[in-house]
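Chains, contacts and geometry: an overview
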2 protein chains.
Amino acid sequence: MSVQERKERERAHRHQLIVATARELAESQGWDAVTTRRLAERIEYSQPVIYGHFREGKREIVGAVALEGFAELTAAIRRAVADGPAGRAAVAALAGAYVDFAGRNPALYDAMFLLDTGLPFAVEATPAPLREAFGTLVETLGEVAGDADPAVFVEVFWSALHGLVSLTRSGRLPREAAAQRLTVLVDRFAGG
Amino acid sequence: MSVQERKERERAHRHQLIVATARELAESQGWDAVTTRRLAERIEYSQPVIYGHFREGKREIVGAVALEGFAELTAAIRRAVADGPAGRAAVAALAGAYVDFAGRNPALYDAMFLLDTGLPFAVEATPAPLREAFGTLVETLGEVAGDADPAVFVEVFWSALHGLVSLTRSGRLPREAAAQRLTVLVDRFAGG
DNA sequence: TCGAATGTCTAGCAGTGCTAGAATCCAGTC
DNA sequence: GACTGGATTCTAGCACTGCTAGACATTCGA
């Protein structure tokens, strides 16, 4: 194994270490606690090494965490609908998985859907994990779109889920009755 | 008019000047550009004077801006439904007004629904402008709730609107087809 | 006019994201 | 094994952030 390969492996490992450390810090203490100084301390290098891996700085790190999140969201949704539920059961399963995912990974969710990451959505350059996540939503929900364009329908349903999640998390909707709100939403979107 | 009254008038004026300046800066350059140094420069006092008005610091300033926003949102929605539209027309008018309000006042909207302001929602201590805004939504939409609790129904519809607005603004939903998404949402919620 | 209370300012703290250039290390060549 | 050049990492620092202690200035009542 060449010196070059070993160097590349070390670099990739360090890159992943930074991303994992950022995510850990974010989930335990919030994104405000994730600073490049703290990441550097945690990985036992100086700050400029962080910038050697992420040329666009902190926002690129948040983007890298988000990418992981999309892969995991896709997996969570696929597991939720693995039994092949149809109609309302599919919508409910997907909605439940989405809200559960957001609840278990609040900082990851913020990286994916709230914070500025620079990741392009819905264009040619959109990274594969993002496309795949959205594609999974369309696969699952396309059949209940009725007259609406399935992609547009999915965008609207996703928006509603995102709205419930983010308003609840920021304290603008009470946590009580969250399940009831989800039921109302599923009823409205699975109704035909 | 007493010295005390004049002092209080001056203080109230300065307080309002800080809030208005924060909002102007936020709408023109984003909330990141709103710093207490810049606000102080703009109002021609030093930084500690800002803290003399807002003991909780910047987040209290953002909250003050948000309060104004709620009053304006209420007015905008009331204007949109002043003709007394019913059923789907009422839902559409309200949804259009909400999205339009968010589009015209992006930073104000962020203060209201994204940023940490410390303002309590949906509890005893919730400020009147917030209660009034929500009450206006319930007044307008309550009749189309069908079997659902009107307040819960309104929470869900508002979440969906918020989701559309915030995902579009952050570039996660394309601006194209925004009107189409709104139509799909209104159809789902006005459908009975 | 004076003194106390109030209001405002200066100066500074601890932290942020980020980078230039110095220092160190590594690997290839002789 | 030594040397050299390139790569990597570090130190030091910049410009900025939110915020505050104590000094200074102003105001107003007696």
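Residues numbered from 1 in each chain as written. Chains lettered and ligands numbered in written order. Predicted model: local features only at pLDDT ≥ 70, side-chain atom pairs only at ≥ 80, totals over all residues. Heavy atoms only, no water.

**Section: helix 4 (residues 58-80) of chain A**
Residues and elements named next belong to chain A. Taking 1.5 Å of rise per residue, the 23 residues of helix 4 would be expected to cover 33 Å, and the 33 Å separating its terminal C-alpha atoms lies within 8% of that figure. Within helix 4, the full set of buried residues consists of Ile-61, Val-62, Gly-63, Ala-64, Val-65, Ala-66, Gly-69, Phe-70, Leu-73, Thr-74, Ala-76 and Ile-77. Tucked inside the fold, the buried residues of helix 4 contact helix 1 (3-29), helix 2 (36-43), helix 3 (47-53), helix 5 (87-104), helix 6 (106-113) and helix 7 (128-141). (Helix = DSSP H or I, 4+ residues; strand = E, 2+ residues; numbered from the N terminus. Expected span 1.5 Å × (residues − 1). Buried < 20%, exposed > 50% of the residue type's maximum accessible area, 1.4 Å probe, protein only. Contact = heavy atoms within 4.5 Å.)

**Let's talk about the nonpolar core**
In this structure, A:Phe113, A:Phe157, A:Leu185, B:Phe113, B:Phe157 and B:Leu185 are the most contacted members of the largest nonpolar core, which totals 119 residues. When neighbours within four sequence positions are excluded, A:Phe157 is seen to be in contact with A:Val91, A:Leu94, A:Ala95, A:Leu141, A:Leu185 and A:Phe189. (Core = buried A, V, L, I, M, F, W, Y, C linked by side-chain atoms within 4.5 Å.)

**Re the protein's contact with DNA strand D**
Within the structure, DNA strand D sits among 18 residues, and A:Ser46, B:Arg6, B:Thr35, B:Gln47 and B:Lys58 are positioned closest to it. With respect to DNA strand D, the side chain of A:Arg14 contributes an N or O atom lying 3.5 Å from a phosphate oxygen. In this structure, a base nitrogen belonging to DNA strand D sits 2.6 Å away from a side-chain N or O atom of B:Gln47. When residues of the surface near DNA strand D are traced back to their parent elements, those giving at least two are helix 3 of chain A together with helix 1 (3-29), helix 2 (36-43) and helix 3 (47-53) of chain B. Its residues assigned to classes, the surface near DNA strand D shows seven nonpolar, five polar and six charged. (Near = heavy atom within 4 Å. Polar contact = N/O pair within 3.5 Å; in protein donor to acceptor, adjacent residues only side chain to side chain. Nonpolar A, V, L, I, M, F, W, Y, C, P; charged D, E, K, R; others polar.)

**A closer look at the relation of the copies chain A and chain B**
Least-squares fitting of chain A to chain B yields an RMSD of 0.1 Å, with the transformation described by 0.0 Å of translation along the axis and a rotation of 180 degrees. These values place the two chain copies in the arrangement generated by a two-fold rotation axis. A shared interface surface links the copies, since 100% of the contact residues of chain A are contact residues in chain B too. (Least-squares fit on C-alpha atoms with pLDDT ≥ 70 in both.)

**Some words on the interface of chain A and chain B**
At the interface, 39 residues of chain A touch 39 residues of chain B. A combined buried area of about 2,800 Å² lies between chain A and chain B, and 64% of that area is made up of carbon and sulfur atoms. Counting the contacts that link chain A with chain B gives two salt bridges. The partner of B:Arg181 in a salt bridge is A:Glu155, with the nearest N and O atoms 2.6 Å apart. There are 13 residue pairs in polar contact (both at pLDDT 80 or more) connecting chain A and chain B. Where the side of chain A that touches chain B is concerned, the elements lending two or more residues are helix 6, helix 8 (150-169) and helix 9 (178-190) of chain A. Among the elements that make up the side of chain A that touches chain B, the one with the highest residue count is helix 8 of chain A (twelve residues). In the side of chain A that touches chain B, the residues fall into 23 nonpolar, eleven polar and five charged. (Buried area = accessible area lost by both parts, 1.4 Å probe. Salt bridge = Lys/Arg side-chain N within 4 Å of Asp/Glu carboxyl O.)

**What about the domain arrangement of chain A?**
Residue and element names in this part refer to chain A. Domains assigned within chain A are domain 1 (1-55) and domain 2 (62-190). Summarising the inter-unit geometry, the C-alpha centres of domain 1 and domain 2 are found 29 Å apart. Facing eight residues of domain 1, the contacting portion of domain 2 comprises twelve residues. Of the roughly 820 Å² buried at the junction of domain 1 and domain 2 (both faces included), carbon and sulfur atoms supply 61%. Counting the surface domain 1 buries against domain 2, the share from its top three residues, Arg-23, Glu-27 and Trp-31, is 76%. As a salt-bridge pair, Arg-23 and Glu-72 come within 2.8 Å of each other at their nearest N and O atoms. Where domain 1 packs against domain 2, one counts six residue pairs in polar contact (both at pLDDT 80 or more). Of the residues contributing to the side of domain 1 that touches domain 2, the split by class is five nonpolar, one polar and two charged. (Domains from an automatic or database assignment.)

**Digging into the protein's contact with DNA strand C**
As a matter of local geometry, DNA strand C sits amid 18 residues, with A:Arg6, A:Thr35, A:Gln47, A:Lys58 and B:Ser46 nearest to it. Near-protein atoms of DNA strand C (within 4 Å) split between backbone and bases, with sugar and phosphate holding 55%. At 2.7 Å from a base nitrogen of DNA strand C is found a side-chain nitrogen or oxygen belonging to A:Gln47. Contacts to DNA strand C include A:Tyr51, whose side-chain N or O atom sits 3.5 Å from a phosphate oxygen. Of all the secondary structure elements, the ones that give two or more residues to the surface near DNA strand C are helix 1, helix 2 and helix 3 of chain A together with helix 3 of chain B.

**Overview of unusual backbone geometry**
One non-glycine residue, B:Ala122, lies in positive phi territory at about 55 degrees. Looking at the element boundaries, B:Ala122 is found in the loop between helix 6 (106-113) and helix 7 (128-141).

**Examining the packing of aromatic side chains**
Per the stated rule, a full pass over the model turns up 19 aromatic pairs over all chains. Judged by centre distance (6.3 Å) and plane angle (65 degrees), the rings of B:Phe134 and B:Trp158 are edge-to-face. With B:Phe134 in helix 7 and B:Trp158 in helix 8 (residues 150-169), this pair connects stretches of sequence that are 24 residues apart. Here B:Phe134 falls in the partly exposed class, since its relative accessible area comes to 26%. Residue B:Trp158 is classed as buried on the basis of its relative accessible area, which comes to 5%. By the ring-pair criterion, three or more aromatic residues cluster together here, those being A:Phe70, A:Tyr98, A:Tyr109, A:Phe113, A:Phe121, A:Phe134 and A:Trp158. (Phe/Tyr/Trp six-rings, centres within 6.5 Å; stacked < 30°, edge-to-face > 60°.)

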